[in-house]
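Given next are the chains, with one letter for each unit.
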Amino acid sequence: MKRNNKNSIQGFYINNKWGQLHGYKSGKDLISKPPLLCFHLSPGSARMFNKFILEMGKDRVAIAVDTPGYGNSSPPGGPIKIEEYAGYLGEIIDNFKFDQVDLFGSHTGSRLAVELA
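In this text, all values refer to a predicted model and were calculated from it rather than measured experimentally.

(A) Fine view of the packing of helix H2 (residues 82-89) against helix H4 (residues 108-116). Interhelical geometry of H2 versus H4 gives an angle of 75° and a closest axis separation of 9 Å. Viewed along their axes, H2 and H4 adopt a mutual orientation that is roughly perpendicular. Between H2 and H4, the contacting residues are Ile82, Glu83, Tyr85, Ala86 and Leu89 on the first element and Arg111, Leu112, Glu115 and Leu116 on the second. Residues that form the contact of H2 with H4 fall into these classes: six nonpolar, no polar and three charged.

So this is what it looks like as C-alpha cells:
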C-alpha cells in the first residue's frame with residue numbers, strides 16, 4: 001500500500017473576546033524551522049495564502065489567519081487600532097504554544113506583522 005505524503009490544509013478556530021479567530025494551518029511540527037504566520041491585506045481573507053502555506057508547510061508549520069472582522073473571524077466590538085488587531089492575532093502564538101515564529105504580511109497585513117513583532 002502506497003502512503004500519501006501530500007501536505008494538506010486544515011481550518012481552525014480560536015476563541016477570543018469577540019467570538020472566534022479563524023485560520024488555516026498546513027504542515028507538521030518540525031524543529032528545523034520556526035512556524036510561519038501570514039496576515040492578509042484588508043479587506044481580504046486568509047484564503048489568499050492557501051497555496052502559499054501549502055508550499056511552505058512542506059518543512060514547517062505555516063498558518064494564515066483571518067483578521068478580526070474579515071473572512072470567517074468574528075468582528076471586533078467596534079473600531080480598534082492596529083495594535084489591538086496585532087494583540088488578538090498574537091493569540092495564535094499562545095494557542096499553538098509557539099516559542100518563536102516567522103511573520104509574513106501582505107499590504108496591511110505587513111503592518112500587523114511589524115506591530116506583532
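On we go.
(B) Summary view of the environment of Asn95. On the secondary structure map, Asn95 appears in helix H3 (residues 91-95). A relative accessible area of 40% means that Asn95 is categorised as partly exposed. For Asn95 and Asp59, which are 36 residues apart along the polypeptide, the C-alpha to C-alpha distance reads 21 Å.

Conventions we followed
Residues numbered from 1 in each chain as written. Predicted model: local features only at pLDDT ≥ 70, side-chain atom pairs only at ≥ 80, totals over all residues. Heavy atoms only, no water. Axes fitted to C-alpha atoms, helices over the stretch in contact; angles between N-to-C directions. Helix = DSSP H or I, 4+ residues; strand = E, 2+ residues; numbered from the N terminus. Parallel < 35°, antiparallel > 145°, perpendicular 65-115°, else oblique. Contact = heavy atoms within 4.5 Å. Nonpolar A, V, L, I, M, F, W, Y, C, P; charged D, E, K, R; others polar. Buried < 20%, exposed > 50% of the residue type's maximum accessible area, 1.4 Å probe, protein only.

None of this, on its own, says anything about what the molecule does.
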